[in-house]
Amino acid sequence: MKKSKVKVSSSEKEFTFEFRAGRQRCVLRVPLQFPARSPVHEEVRDLHGRLMLLHRMPCFVEEDLKNALTSFIQRETLEDYEREAEEALQRLTTGEVDIDMLANTWAKAYSETTLEHARPEEPSWDEDFANVYHELIHSPASDTLLNLEHNYFLSISELISERDMELKKLQERQAAEMDSVMQELGKSLSDQDVNAVASQHFDAQQVLENKWANELKQVTAIQKQEYQEWVIKLHQDLQNPNNSTINEEIKVMPSQLTEPPDPGARLFEEQRQLEESFTIHLGAQLKTMHNLRLVRADVLDFCKHRRHGSSGVKLRRLQTALSLYSTSLCGLVLLVDNRVNSYSGIKRDFATVSKECTDFHFLLLEEQLEVVQQVVLYARAQRSSKQRDQPEVPRNGGNEDKAKNLERNPSNILPGEFYISRHSNLSDVHVVFHLCVDDNVRSGNITARDPAIMGLRNILKVCCTHDITTITVPLLLVHDMSEEMTIPWCLKRAELVFKCVKGFMMEMASWDGGISRTVQFLVPQVRRHIAAFLRILCSLTYYTEAVFYLAFMTLHCYYNKGYASHKAIQLYLYVSLKFFFFCLPPHFWPV
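Residues numbered from 1 in each chain as written. Predicted model: local features only at pLDDT ≥ 70, side-chain atom pairs only at ≥ 80, totals over all residues. Heavy atoms only, no water.

Q: Report on the layout of surface pockets, specifying residues and quantitative values.
A: For the largest pocket, the calculated volume is near 1100 Å³. Residue lining of the largest pocket: 36 residues in total, with Ala-213, Ser-342, Ala-351, Lys-355 and Glu-366 positioned closest to the centre. Counting residues per element, the ones that place at least two in the lining of the largest pocket are α5 (142-183), α6 (191-238), α10 (345-354) and α11 (365-389). With 9 residues, α6 is the largest single contributor of residues to the lining of the largest pocket. Class assignment for the residues of the lining of the largest pocket results in 13 nonpolar, 13 polar and 10 charged. (1 Å grid on protein atoms, 1.4 Å probe; cavity = no way out; pocket = protein on both sides within 12 Å on 5 of 7 lines; lining within 4 Å. Points joined across faces, edges and corners; volume = space filled by probe spheres on them. Helix = DSSP H or I, 4+ residues; strand = E, 2+ residues; numbered from the N terminus. Nonpolar A, V, L, I, M, F, W, Y, C, P; charged D, E, K, R; others polar.)

Q: Which residues make up the packing of α5 against α6, and what values go with them?
A: In the contact formed by α5 and α6, the axes pass within 11 Å of each other and the chain directions differ by 175°. In terms of orientation, α5 lies roughly antiparallel with respect to α6. Residue composition of the contact of α5 with α6, by class: 22 nonpolar, 8 polar and 9 charged. (Axes fitted to C-alpha atoms, helices over the stretch in contact; angles between N-to-C directions. Parallel < 35°, antiparallel > 145°, perpendicular 65-115°, else oblique.)

Q: Can you break down the packing of aromatic side chains residue by residue, with the values?
A: All told, the structure shown has 10 aromatic pairs when counted by the stated rule. Between Tyr-152 and Phe-360 the ring centres are 5.7 Å apart and the planes differ by 45°, which places this aromatic pair in the tilted class. Remark: Phe-360 occurs in the loop between α10 and α11 and Tyr-152 occurs in helix α5; sequence separation between them is 208 residues. In this pair, the class of Tyr-152 matches that of Phe-360, namely buried. Relative to Phe-360, the ring of Tyr-227 lies with its centre 4.1 Å away and its plane at 25°, an arrangement referred to as stacked. Of this pair, Tyr-227 sits in helix α6 while Phe-360 sits in the loop between α10 and α11, and the two are 133 residues apart along the sequence. Using a relative accessible area of 0% as the deciding quantity, one classes Tyr-227 as buried. (Phe/Tyr/Trp six-rings, centres within 6.5 Å; stacked < 30°, edge-to-face > 60°. Buried < 20%, exposed > 50% of the residue type's maximum accessible area, 1.4 Å probe, protein only.)

Q: Summarise a nonpolar patch on the surface; cite the residues concerned and give the values.
A: Residues Leu-363, Val-371 and Val-375 make up a contiguous nonpolar surface patch of about 250 Å² in total accessible area. With respect to the helices and strands, the residue Val-371 is situated in helix α11. (Patch = residues over 30% accessible without salt bridge, like charges linked within 9 Å, V, L, I, M, F, W, Y side chains within 5 Å. Areas by Shrake-Rupley, 256 points an atom, 1.4 Å probe, with all protein chains shown as cover. Salt bridge = Lys/Arg side-chain N within 4 Å of Asp/Glu carboxyl O.)

The structure is reproduced here in structure tokens:
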């Protein structure tokens, strides 16, 4: 905070305090500076403590000294104010101060600090469009909006297909050219010639990718502008009850834009994912009902739109659109590295999915990430300034490594931290939590205090404070399985996540008052790990009845669909016995 440039006249006054210590009469005289630099109660508290310590005052005069000091400071401060007021009035009567300028200054200060004189907030285009869209999507025009969005999606899909085809042809042509060059290597061509051809191929590929990226960006910008203008115009026309043209347009457009169903869509939908849902009640005294769902699917399946939509796909699009500006949003936890970009790994795949459909309500993903990078840099600068002001404290090796990493790359985030992106063009998700994790999540020694687990807690807290009622969490804190993830590893990880999320959900009652929510636990879609997955569920049934019921229903689903092996059927029988009798000891469970 900048110091005021106004000169304040200060004066020094002597404070006198008399007290008796036995037969001796003691007098304390201390010079004090006026006016006081801080409020009276803070000034008295600090000054009283210093006087007692420096002058070694007896403890029995502590309260008398404090009262005398308070009355002295209040009296002298009031006298200073009265003297300054008399001097100000004297300058006013002598004409040293302009009365009109003083009155304008007082009026401006009063109008700026009083709520009744504050200017009303100007409505923004985003807020107006959000209100209009929310009203239209809950009206008979919702079918028209969805068909128009799907029509735009098809045009973008065709453009992406053309881009992929052209890139594929270029790569094939370059591969053939490189093969012919390698055959001539050592005969008529040298290593420099091969490097030059490779550089030309790279430049050509970059030019082509930039060309298609600019074209896609331009097309999405045009679609967004056209869509928003059409929505506003449709809302204005619907306000006129005598306008029959728009009603006919609403009735006709769906049939013109609807695509014929794809015969393979139903088969694809059935093979998409396996899931089981159930309801639990959590809480010590006041029970709160929550919905849990166990899903075996790919994490990006919650984001992808289907090109040939069936009725189920259209219903999901409608549900996502209806809850876009509501108090029941859907979130997804995406595990990413510490770089805020979309250049590699799951981040690149997610960015590719987000570009397949135009976002008519929020910024592009790249623009949102740029804002996040600026916020991260600002936060790092603020933390660094605070750490410089604080005294040095000894740090362990891990913290020193993190500090050095942040000094080298201040735009990176730490494990456990996350950033949020908003979307209206994804299939089942409105909000994506990009949770930063490191290679430690693939080890088997993480605890409940691990940054990834604490990041989940913070994400659930954000969900409670921002009306996100459905959240999808990776059960094993990974998006794909690897060879080191054995059955004991899966058992330990699933048990840890289940227990921690259960505790966080019970803690939710103090955050939001006990609102019912839906938590989806996502398991990677790998067929060879189904047996390990079944084993996870069976081992966890000994802890809580709710998780036990989840294991029973999931095993029942696998058994009926023919995915369970002979060993899984044996486990299924033991789970059935435990479900109906609750008396089977753990040492009877098969190994």
